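Here's the letter readout for the chains.
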Amino acid sequence: MNNHHYTGLINKYRNRLPVDDKTRIISLNEGNTPLIQLKNLPNKLGWEHEIFCKFEGLNPTGSFKDRGMTMAVTKAVESGAQAIICASTGNTSAAAAAYAARAGIKSFVLIPEGKIALGKLSQAMMHGATVIQIKGNFDDGMRLVQELSSTMPLNLVNSINPYRLQGQKTIAFEVIEALGDAPDYHVMPVGNAGNISAHWIGYSESAGQQCGSCNLCAGQCAFKDDVISTKRPTLVGYQASGAAPFLRNEMVDSPETIATAIRIGHPVSWDLAWAAQKESTGWFEECTDEEILQAQKLLAESEGIFCEPASAITIAGLLKDVERGRYQKNSTIVCTLTGHGLKDPDTAIAQSEAPIVVEAKRDEIGAIISHHL
Ligand code: AN7
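This one's a predicted model, so the numbers in the text were calculated from it and none came from an experiment. (Residues numbered from 1 in each chain as written. Predicted model: local features only at pLDDT ≥ 70, side-chain atom pairs only at ≥ 80, totals over all residues. Heavy atoms only, no water.)

What follows deals with the pattern of salt bridges. Applying the stated criterion across every chain yields a total of 20 salt bridges. Notably, a salt bridge pairs Lys169 with Glu205, separated by 3.0 Å at the nearest N-O pair. With Lys169 in the loop between α7 (162-168) and α8 (170-179) and Glu205 in helix α9 (residues 194-206), the pair connects residues that are 36 residues apart, well separated along the chain. Across this residue pair, the class does not change: Lys169 and Glu205 are buried. A salt bridge links Arg324 to Glu285; the nearest nitrogen and oxygen atoms lie 3.0 Å apart. One end of the pair, Arg324, is in the loop between α13 (309-323) and β10 (332-337); the other, Glu285, is in strand β9 (residues 283-287), and 39 residues separate them in sequence. Glu285 sits in the buried class, given a relative accessible area of 12%. Through salt bridges with shared partners, a single ionic network connects Lys54, Glu56, Arg67 and Glu174. (Salt bridge = Lys/Arg side-chain N within 4 Å of Asp/Glu carboxyl O. Helix = DSSP H or I, 4+ residues; strand = E, 2+ residues; numbered from the N terminus. Buried < 20%, exposed > 50% of the residue type's maximum accessible area, 1.4 Å probe, protein only.)

The next thing to look at is the packing of helix α4 (residues 91-103) against helix α5 (residues 118-126). Look at α4 against α5: their axes get within 8 Å of each other, and the N-to-C directions meet at 25°. It follows from the interaxial angle that α4 and α5 lie roughly parallel. In the packing of α4 onto α5, the handedness of the crossing is left-handed. Taking contact as the criterion, the partners of Asn91, Ser93, Ala94 and Ala97 in α4 are, on α5, Lys120, Gln123 and Ala124. Here the contact of α4 with α5 is composed, by residue class, of three nonpolar, three polar and one charged. (Axes fitted to C-alpha atoms, helices over the stretch in contact; angles between N-to-C directions. Parallel < 35°, antiparallel > 145°, perpendicular 65-115°, else oblique. Left-handed = near helix turned anticlockwise from the far one by under 90°. Contact = heavy atoms within 4.5 Å. Nonpolar A, V, L, I, M, F, W, Y, C, P; charged D, E, K, R; others polar.)

What holds strands together in a sheet is hydrogen bonding between their backbones, with the strands either parallel or antiparallel. Taken in spatial order, the six strands make up an open sheet running β1-β2-β10-β7-β8-β9, and their pairing is mixed. This sheet does not close on itself; its edge strands, each paired only once, are β1 (35-37) and β9. On average, adjacent strands in this sheet sit at an angle of 25° to one another, irrespective of strand direction. Relative to β10, strand β7 (residues 185-189) runs parallel, the two sharing three bridges. Considered in β10, the bridge of Val187 is made with Cys335. Taken strand by strand, helix α12 (residues 289-303) contacts β8 (234-240), β9 and β10, and its axis lies near 90° from that of β9. (Pairing = 2+ DSSP bridges.)

Another aspect to go through is the packing of aromatic side chains. The geometry of an aromatic ring pair is captured by two quantities: the separation of the ring centres and the angle between the planes. Considering all chains together, one arrives at nine aromatic pairs under this definition. Arranged with centres 4.7 Å apart and planes meeting at 70°, the rings of Tyr185 and Tyr327 form a pair that is edge-to-face. Residue Tyr185 is found in strand β7, and its partner Tyr327 is found in the loop between α13 and β10; the two are separated by 142 residues along the sequence. Residue Tyr327 is classed as buried on the basis of its relative accessible area of 4%. Taken together, the ring pairs in this structure connect Phe246, Trp270, Trp274 and Phe284 into an aromatic cluster. Over the ring of Phe173 we find Arg16; its NZ or CZ atom is 4.4 Å from the centre of that ring. (Phe/Tyr/Trp six-rings, centres within 6.5 Å; stacked < 30°, edge-to-face > 60°. Lys NZ or Arg CZ within 6 Å of the ring centre and 35° of its normal.)

Right, let's get into the site of the ligand. Around the ligand sit 23 residues in total, of which Asn91, Thr92, Asn192, Ala193 and Thr338 are the nearest. Backbone polar atom of Thr89 to an oxygen atom of the ligand: 2.8 Å apart, as the coordinates give it. One of the backbone nitrogen or oxygen atoms of Thr92 is found 2.7 Å away from an oxygen atom of the ligand. Protein chains shield 99% of the accessible area of the ligand, which is 470 Å² for the free molecule. When its residues are assigned to classes, the shell around the ligand shows ten nonpolar, eleven polar and two charged. (Near = heavy atom within 4 Å. Polar contact = N/O pair within 3.5 Å; in protein donor to acceptor, adjacent residues only side chain to side chain. Areas by Shrake-Rupley, 256 points an atom, 1.4 Å probe, with all protein chains shown as cover.)

So, about the pairing of strand β3 (residues 83-87). The buried fraction of β3 is high, at five of five residues. Because side chains alternate across β3, one face comprises the buried residues Ala83, Ile85 and Ala87, and the other comprises Ile84 and Cys86, equally buried. In the sheet, β3 pairs with strand β4 (residues 106-112) via five bridges, with the strands oriented parallel. Bridging from a neighbouring strand, Ala83 pairs with Lys106 of β4. Regarding topology, α4 serves as the crossover connection from β3 to the parallel β4, and that connection is right-handed. As judged from the two bridges shared by β3 and strand β6 (residues 155-156), these two strands associate in the parallel manner. Of the residues in β6, the one forming a bridge with Ile85 is Leu156. (Right-handed = clockwise from strand over helix to strand, strands pointing away.)

So, in structure tokens, the structure goes:
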């Protein structure tokens, strides 16, 4: 194998992650996702910003969760764990199931009954997780897995596990490498709020600055020899209106949104996310389900990028906040598109035009094509 073969983010960033030479790394070559500049949308809207999408849907299980899961499962295996558990709105369960399979250990996933996208459910089932549907929501599941993992031989791999954030912080390293410096703004969806916290850790380390977000090393992690950026971006977090505790400034007991990935009312990383917002002088904003779906369709049709509804909230948020002038002129803005559109085929099909059904006859098909040309 040649030295340039990419073998995942832990190998790439091992000097910035909590591993040593003896650590057995559990990886599916996650990370190294494309940073795609939007062309048609900014042109059409006359925006004077450079907008890039970090397409995390191109990770091995189709979401950013793989970044955290490679780290969490690597550390679980290192500690001798034989089983992992998580609560999930879908993507975490898919990643946990896949990385447990890779490691040869058991996985247990708690998911809210009827409220997870079909693709995600199929992944957890296919990778051999024990899938437990609860008659409750993600927040109920989160409470239960914390209780279960404190009394049973189960390693908890939700983002309350600090190794998850360590893996996820690597997205900042990749963005800085691609752009040559940190962007002016980094925009993302916020659910359980682990990811925004992880972004802040990654950007802070890269700029050689301490962040209040870091709970692994009590502020000692700022790089002394490995500074790769001159600044930190302003972080902007978008939430679905029906599941927006950061907009309400309090927990939400019955969260609802079509973007089931972020149907979360009691985010675990509440304090870390507020710290990231304040330290970066960023903000939270909300979008309705209708705005989310319109943005998902707009991105897919105008740029050829198919992300899931939760990810499309970044575009919905930009549509709102750029028009309002909330972003400084001529800025570089990166959006994290957290998951692939194929995760949720039902939502995609429901909002698209149905296929045209005809006889298998040349003339009939020709007439339809002429009509649409
Ligand atoms: C596509 O899978 O919480 O704010 O259990 O799947 O770090 O929670 C998923 C979250 C955004 C929100 N976009 O990230 C789970 C889960 C997608 C997601 C988020 C999720 P966090």
